Number of protein chains: 4
Amino acid sequence: MKMTMKKAPMGWNSYDYYDTTVNEEQVKANADYMAEHLKDCGWEYVVVDIQWYAKDAGSMRDQYQYIPFGDMEMDEHGRYQPAVNRFPSSAGGKGFGPLADYVHSLGLKFGIHIMRGIPRLAAHRQLPLPGTSLTAAQAADPASICGWNTDMYGVQDNEAGRIYYDSLIQMYADWGVDFIKCDDICDSWMYRHEGFSGWHETRMLHQAIEKCGRDIVLSLSPGPAHIDRAWQYEKYANMWRITDDYWDRWDLLLNMFERCELWQNHVADGCYPDCDMLPLGRLGKGFGQERETHFTREEQKTMMTLWCIFGSPLMIGAELTKLDEWTQWLLTRKEILKLTEGGYAGRQVERDSRRAVWSCFNEETGERYLALFNLSDEEQVLSCDCHQVEQFAGRKAPAARELWTGEEVSAEAGLLSASVPAHGAKLFLLENLQKEG
Amino acid sequence: MKMTMKKAPMGWNSYDYYDTTVNEEQVKANADYMAEHLKDCGWEYVVVDIQWYAKDAGSMRDQYQYIPFGDMEMDEHGRYQPAVNRFPSSAGGKGFGPLADYVHSLGLKFGIHIMRGIPRLAAHRQLPLPGTSLTAAQAADPASICGWNTDMYGVQDNEAGRIYYDSLIQMYADWGVDFIKCDDICDSWMYRHEGFSGWHETRMLHQAIEKCGRDIVLSLSPGPAHIDRAWQYEKYANMWRITDDYWDRWDLLLNMFERCELWQNHVADGCYPDCDMLPLGRLGKGFGQERETHFTREEQKTMMTLWCIFGSPLMIGAELTKLDEWTQWLLTRKEILKLTEGGYAGRQVERDSRRAVWSCFNEETGERYLALFNLSDEEQVLSCDCHQVEQFAGRKAPAARELWTGEEVSAEAGLLSASVPAHGAKLFLLENLQKEG
Amino acid sequence: MKMTMKKAPMGWNSYDYYDTTVNEEQVKANADYMAEHLKDCGWEYVVVDIQWYAKDAGSMRDQYQYIPFGDMEMDEHGRYQPAVNRFPSSAGGKGFGPLADYVHSLGLKFGIHIMRGIPRLAAHRQLPLPGTSLTAAQAADPASICGWNTDMYGVQDNEAGRIYYDSLIQMYADWGVDFIKCDDICDSWMYRHEGFSGWHETRMLHQAIEKCGRDIVLSLSPGPAHIDRAWQYEKYANMWRITDDYWDRWDLLLNMFERCELWQNHVADGCYPDCDMLPLGRLGKGFGQERETHFTREEQKTMMTLWCIFGSPLMIGAELTKLDEWTQWLLTRKEILKLTEGGYAGRQVERDSRRAVWSCFNEETGERYLALFNLSDEEQVLSCDCHQVEQFAGRKAPAARELWTGEEVSAEAGLLSASVPAHGAKLFLLENLQKEG
Amino acid sequence: MKMTMKKAPMGWNSYDYYDTTVNEEQVKANADYMAEHLKDCGWEYVVVDIQWYAKDAGSMRDQYQYIPFGDMEMDEHGRYQPAVNRFPSSAGGKGFGPLADYVHSLGLKFGIHIMRGIPRLAAHRQLPLPGTSLTAAQAADPASICGWNTDMYGVQDNEAGRIYYDSLIQMYADWGVDFIKCDDICDSWMYRHEGFSGWHETRMLHQAIEKCGRDIVLSLSPGPAHIDRAWQYEKYANMWRITDDYWDRWDLLLNMFERCELWQNHVADGCYPDCDMLPLGRLGKGFGQERETHFTREEQKTMMTLWCIFGSPLMIGAELTKLDEWTQWLLTRKEILKLTEGGYAGRQVERDSRRAVWSCFNEETGERYLALFNLSDEEQVLSCDCHQVEQFAGRKAPAARELWTGEEVSAEAGLLSASVPAHGAKLFLLENLQKEG
């Protein structure tokens, strides 16, 4: 049965800062920081992103993000291994076991990125799969490739494919992996010409996880995930990206309102539509351009407010060891982070080109929230008639507290009103709710 | 706040037998039958379908289903009224009030079909809207028409439009209408060239219903509804057709498995994706071809099983006064109809070209069901390993009872197996469930 | 048989300056100017654009371009007539006869704009068609409307429809109309939900023109025309818009390179893919914003060069009576306008995001042209190796003359090279061509 | 400059009978037959179809048409060579030279099939390209593969790619190849997710052919070719498939009328939209099912008539050595085959679900033809009013001769009428044409 946790995963991911190049020391440093400064707010996953098996990762960065026909660490069964030059503790076939142990020792969880499929080289070399006479060539689907990374062939829905995926996930479980971000598996629209092998590969991964004896979160990338496949993601996965790669640009943040609108009724225990990582703080070193986030502080609050009231997983993109005070403050607002926990149902009240309003309701606690987003380029007064909000039906709230500032506001006759800066957001907890009539 | 009933609506609709031609006497006869023979199984809505305002409905049936520029009953504000020649009790401006009263007197509920929009003639005649100096011409959107029926223009999202819809729904509420099936509002793909006015018209209808002081079910047609608008249907409506017009053809029934797969996670209290009416028994008189359903008995059981385990509304298409014994038996299986009540979550376990398996689980009662569908053209033995069914996790069932036949079967080691006729279905209630381990 | 003229139509159209509001006096003034200053360069058509039948055209311009349910001049058979308040000579049922006579008297040709279809009011009023007992209601297709103008219903492919269109075109022929720009008939993608009635209406218009006893150019709007219907446009029409409404914006001009690429092999005698009117000089009065064209002079040369080398019809959008010296110079370059005549086949040699190269070859005269377009925002040196140009095969040109400047350049070893300003163009006539080898 | 022949290519292709398995002896036998029995009717190309470089072609036919990771003959530069076990004369690096010589000695021309791209194995092995230090890995685009055959990677638009293609085509030219059917290059809709590399590969092949010093026909597959790329096919290729693989099924033949309608104006000297091979006579041996064509004789005449009046290339799919008398007669009607020569412009006059009418006109000779196709399943009388045919304008034909039967018919008052069997066709040459009036 699929792992069904009660809150959306929160953690750190190496991609936004390191691209393909992160190494063991850097992962540990970020884990250390998280354990010390962020853990008690719910941050727990430490995720090593793409191409940890590539010895030459980043060495031709002016030409390629992913070097074609590059130099990869691989075991005799065609399973990628951490590049020893980057992850020394993996020497001697230990894989990510030692690093996972380290992360666990801090009270945190360990995650890795994988590409859907089986290495092309494993297939061309006809490498033997474990415990069988079948080979990688028989598991590989030579017509199923990734459009933007040349490492893999897709895996066939056959005996050889099942053996490959089972052995792969078992190896990860043995290492102590708690979280798998599988890439090239979620956006099938890149692969329209045929039955997309990613659909059955998602199921095969899920079934392998069920068998492996360890709780492992399954996260699917890239997006945008397709709403007509929602039932499949919900059946087999824990997170799925509802957007293409997200970065610190206002147009992308603005666009996320459309995506959250679309997916708003799909957040549930163990099921988290994923708005992608938070490009905050220090970013971009591996891309050749270390820099601060381009988001203004107002935009950052808008992003955090939307991700939380929607219920997205939260994965920090910043290099944690360089976290400034502001960003750390932003990432440790417990009253706001709480919304990503089970029981908080966020819904869009209304949206047009200049503003969005979201409400959130916890049936158990009776808590009711309202978020006002200013999508325009000028400061404006936004208001919401609470009688129009389905989730507030039959309740009146004489007052509300804004959770970023702590400011108390009155909500006379159900009308909540506030001046909101350009691209900014306000998030209210409604107080003293009383049944009307 | 949207009406949130606890079970999917069940009832009778005049379309499949009468097309556009049903009259008062016929509606009453069907209501009488329902009250006497079906009510205690949950059947309650009596719905008058399309063009009850057309005096000449059906008179040119060889050329048109809907006569262009036809002769319609309309009040001085441009609101259609029942054609008095067909619904005599509506004379003197009483509308459907007397007929609704009659239906209510039987302990049943009364529903009507409407077309999205405002009559074209009302706009061209510049008829005044009630209690305002605005006219129908100002409410009408002359660029928004129906692709297959010439009665209406769409309604604009403006003051005049709001007044029109509010006054229309208030009139229906005053009549005693309990159910509105609004047509030409759900399948926007017919109208790609512009912002489809049906989206805001859905909201306007919902808001008018909220204000009218009566509980009214809002049902949207035709389909297929668009999965990317699911959040909107869920917010504003109670039912939405997930299919184009459905009739008694195996290819359409087969296709419904695909649609139910797509919408399986969208059934909730007050929210019912709609598989359309049940073309059973005596059909087609108004279409010029009175006849028995073309479905075999096995296909009928397949249809009833799928509609129920999925959680669709159930609307009988048959002429009730001519119901044969078999069909009546089929429509009164309380143990099966029960699945459309709140709390029963149906999910597809698997599907390929030859078979489908669905499970159903009631969290409160702990009841677990399994349906095996034979989609092929030959009898075959179907089986399901209950350990693979997510909804059965951690439970073993030594036995099961088939609900159409009452037959008891054993489920040794979790394997449920049965021979199923071509196009047929078996529906099992799992018994004596025990926690494993 | 379709009219097959030997050169693309050239003329003036009232839309870009007057919108819906042009009147008789204004048309005459523009015709006078054309006869005096432009006629000897090939300019000959004077075209009255949209809604010449609307008495109230332009009177609610802040709300509507086309007033819904507006006040139209119509004869007893449902055929629109010129609004007498705007075209006084049409009084007494003379239609555009007197105005056409005037234009003809200047040695020019007269054209009008029409909307596809039959007036909605004619159908709702059941007006009789000429010489038959059939009515407009029987000719009208109530499901076929225009998405942006509320005047018309589409016309059915039946006897009533044929009578309507035949009588309409005969009336135009009797008036002396030489050119019909039929709108709402070319871009079927606005109407995807059904068999688009515009396809048969195009054929019906063509057949009516064949019968009317007068040579009439048939021009189809709006665009973009669909390349998969090219064979139909070529069979029934003389011009078809390959673009949506074109205005004086660089992005639209840039985009035209893509459209000309697509349609380059479709220019032939009597067949002219149409790049739309030339928004030059004084524009926009009827739109409430009289102004000069936004195009720079370089962009204007680029536009003229592309339209001519591609072979588009040329219709001036400027108010002619206010033509400045520069624009008049631009519009009277006979050596360049010549390229729109029969026999000059323009072809794209290559195109990327920064530049485009076109060649042109006249098989009869042996003339060869080369155009260099700078699509970038900075001046750059563009060059073309004439050996790569299919149309120059086997010929070498030691020299070339630039036709906008008269400047002579050498083309050593077949390489033609020139510095071209941002958004600008150079057009070369290759000289002294010799067979190679 | 592109080869611009005056008639559509006619010949034989090994695919329909041999699939991937044809060998030298079989090619020669078919060439011998063509030289003796068909050559004088214009048949001249002998084309070896797919995977002539695969030593194991056909050996796993129950599982694969194209064996993944199969055993291919390749030279040291990564260029496929004929499999010596199948083409013994190619031993010693002679390639197809000896076989081409043989075919030429019979007065015929020699063609081969190739897959777009460079062998995947050549890239993974980093094989050196001729005369450069660049390797196959640098020419290969690892993200561009074929959806249905695993042999190749696409070729990049770079120096390495150019060298590879130039050297490949030069090798073919040296062998004496007259015709290249390049596969996986025409239907880009299988590859929507990115810039399709086949567009620039088409240009690179064209440019390589221009440089190679030999006239080589370039034929593109598979289809359907995209009408919005017509200008590109016309610029760089001689033939392009307007259909997916065509076989002897009525639905496919019926569908070809739609495709010919679409492409009717695109036939010109050197440019031939291609209806694919003629599945006549003996077929299917390599597919494991040797058999006669499934087409009735009427359907065969319909196919031949359509291909000829449209102007398609003609490639026989039958095993020639087993040609029966009827099929040989069908393929040797000189009066009909003549229509594929330059100067005969075929046009669709009209088409509906039950019939199609085509006309054909040779401007130079004045010959006019009319074809009547019965698309229905019953015999029917078809007729055409010759006054409606654009190509016959101003001419009347008192008589006509049917070219399959020789039968003379009168065409009183311009009306040509004939009874045509189900799925059959009649093709008339109009006689004694006189100018009307």
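Residues numbered from 1 in each chain as written. Chains lettered and ligands numbered in written order. Predicted model: local features only at pLDDT ≥ 70, side-chain atom pairs only at ≥ 80, totals over all residues. Heavy atoms only, no water.

**Considering the packing of aromatic side chains**
Residue and element names in this part refer to chain C.
Step number 1: Overall, the coordinates contain 116 aromatic pairs over all chains when judged by the stated rule.
Step number 2: Ring geometry for tyrosine 172 and tryptophan 175: centres 5.4 Å apart, planes at 50°, overall tilted. Of this pair, tyrosine 172 and tryptophan 175 both sit in helix H6 (residues 159-175), 3 residues apart, roughly one helical turn. For the pair tyrosine 172 and tryptophan 175, a shared accessibility class is recorded, and that class is buried. (Phe/Tyr/Trp six-rings, centres within 6.5 Å; stacked < 30°, edge-to-face > 60°. Helix = DSSP H or I, 4+ residues; strand = E, 2+ residues; numbered from the N terminus. Buried < 20%, exposed > 50% of the residue type's maximum accessible area, 1.4 Å probe, protein only.)

**A word on the environment of glycine 198 of chain D**
Residue and element names in this part refer to chain D.
Step number 1: Structurally, glycine 198 can be placed in helix H7 (residues 197-211).
Step number 2: Accessibility expressed as a relative area gives 0% for glycine 198, which makes it buried.
Step number 3: In sequence terms glycine 198 and arginine 116 are 82 residues apart; their C-alpha atoms lie 7.4 Å from each other.
Step number 4: Beyond its immediate chain neighbours, meaning those up to four positions away, glycine 198 contacts Arg116 and Ile185. (Contact = heavy atoms within 4.5 Å.)

**Focus on the relation of the copies chain C and chain D**
Step number 1: Expressed as a screw transformation, the operator carrying chain C onto chain D has a rotation angle of 180° and an axial translation of 0.0 Å, and the superposed copies differ by an RMSD of 0.0 Å. The superposition of one copy onto the other is thereby described by a two-fold rotation axis. For chain C, the smallest separation between a C-alpha atom and the rotation axis is recorded for isoleucine 227 of chain C, amounting to 3.4 Å.
Step number 2: The overlap is high: 100% of the interface residues of chain C also sit at the interface in chain D, so the same surface is used on both sides. (Least-squares fit on C-alpha atoms with pLDDT ≥ 70 in both.)

**Let's talk about the pattern of salt bridges**
Step number 1: Overall, the coordinates contain 117 salt bridges over all chains when judged by the stated rule.
Step number 2: A salt bridge links glutamate 261 of chain B to arginine 351 of chain B, with the shortest nitrogen-to-oxygen separation between them at 3.0 Å. Residue glutamate 261 of chain B is found in helix H9 (residues 250-263), and its partner arginine 351 of chain B is found in strand E14 (residues 344-351); the two are separated by 90 residues along the sequence.
Step number 3: Classification of glutamate 261 of chain B as buried rests on a relative accessible area of 12%.
Step number 4: On the basis of relative accessibility, which here comes to 31%, the residue arginine 351 of chain B falls in the partly exposed class.
Step number 5: Its salt-bridge partner being glutamate 292 of chain D, residue arginine 282 of chain D comes within 2.4 Å of it at the nearest N-O pair. Placement of arginine 282 of chain D in strand E11 (residues 282-283) and of glutamate 292 of chain D in strand E12 (residues 291-292) is noted, with a sequence separation of 10 residues between them.
Step number 6: Arginine 282 of chain D sits in the partly exposed class, given a relative accessible area of 24%.
Step number 7: Classification of glutamate 292 of chain D by relative accessible area gives partly exposed; the value is 39%.
Step number 8: Look at the salt bridges and you will find they share partners, linking Glu159, Arg162, Asp166 and Lys211 of chain A into a network. (Salt bridge = Lys/Arg side-chain N within 4 Å of Asp/Glu carboxyl O.)

**Side note on the side chain of histidine 206 of chain D**
Step number 1: Along the polypeptide, histidine 206 of chain D turns up in helix H7.
Step number 2: Beyond its immediate sequence surroundings of up to four residues, histidine 206 of chain D is in contact with Glu390 of chain C together with Lys2, Leu218, Lys235 and Tyr236 of chain D.

**Side note on helix H6 (residues 159-175) of chain D**
Residue and element names in this part refer to chain D.
Step number 1: Here H6 spans 24 Å end to end across 17 residues, near enough to the 24 Å set by a 1.5 Å rise per residue.
Step number 2: Counted residue by residue, H6 has 13 buried out of 17 residues, so it is predominantly covered.
Step number 3: Regarding H6, its N-cap is asparagine 158, as a side-chain oxygen of that residue lies 3.2 Å from the backbone nitrogen of alanine 160 further along.
Step number 4: Positive backbone phi, approximately 100°, marks glycine 176, located one or two places after H6. (Expected span 1.5 Å × (residues − 1). Polar contact = N/O pair within 3.5 Å; in protein donor to acceptor, adjacent residues only side chain to side chain.)

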